[in-house]
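# Examining the three-dimensional arrangement
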Amino acid sequence: MAGSSSAPSLPPPCPKSPPDYPDLYGKRRGAAKVQMLEREIGFLEEELKSIEGLQLASRCCKEVVDFVVANSDPLIPTNKKSRKSRRFWKWLCWMVLFQFLMDMLLSPLLSPSRNARLL
């Protein structure tokens, strides 16, 4: 019985896959991302610690409103001026503008020799 063997049958040979090389570039990139996230976590923790010591915003806003109401702005006039002076200045500006426009419109009509020189 030389044809029958009591040895277990072996699987057929198959080609070996290439050895796995470590992905150093991917590991470095992953490590850099983790390091960046840890640094950002540290910044956020510091910011949280500094915020814990602050007052409530509504209290600060109330203090600002009280201060602004108590101290009037020096650039805003407190007394009302008469409207007559404002009307006078408005009238004067309009007159100057009207005179300027009339001079611009009528000057070509009044001096034809000047227009001939320009052409």
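Remember, predicted model here, so these are calculated numbers, not experimental data.

Scanning the protein from N- to C-terminus turns up four helices and zero strands. Counted from the first residue to the last, the protein has its helices and strands arranged as α-α-α-α. Per-residue burial for the protein yields a buried fraction of 0% across its 119 residues.

With that settled, the discussion passes to the packing of aromatic side chains. For the structure on display, the rule yields two aromatic pairs. Aromatic side chains F88 and W89 sit 5.4 Å apart centroid to centroid with 70° between the ring planes, which places their arrangement in the edge-to-face category. What makes W89 exposed here is its relative accessible area of 53%. Aromatic ring contacts, followed pair by pair, group F88, W89 and W91 into a single cluster.

The next point concerns the confidence of the model for the protein. Scored by pLDDT, the protein comes out at a mean of 76, with 70% of its residues at no less than 70. At the level of individual helices and strands, the protein shows its lowest average pLDDT in helix 4 (residues 112-118), which scores 53, and its highest in helix 1 (residues 24-52), which scores 89.

Procedures and definitions
Along each chain, numbering runs from 1 in the same order as the chain's sequence is written. Totals for whole chains, interfaces and linings use all residues, but because this is a predicted model, local features are given only for residues with pLDDT of at least 70 and pairs of side-chain atoms are given and counted only at 80 or more. No hydrogens and no water enter the side-chain calculation; it runs on all heavy atoms of the structure. Starting at the N terminus, helices and strands are each numbered in turn, a helix being any DSSP run of H or I of at least four residues and a strand any DSSP run of E of at least two. Accessible area is worked out with a 1.4 Å probe on protein chains only. A residue is then buried under 20% of its type maximum, exposed over 50%, and partly exposed in between. Put simply, two rings from Phe, Tyr or Trp (the six-membered ring, in Trp's case) pair if the centres are within 6.5 Å, and we call them stacked under 30 degrees between planes, edge-to-face over 60, tilted for the rest. For every residue, the pLDDT score states the predictor's confidence, bounded by 0 at the bottom and 100 at the top.

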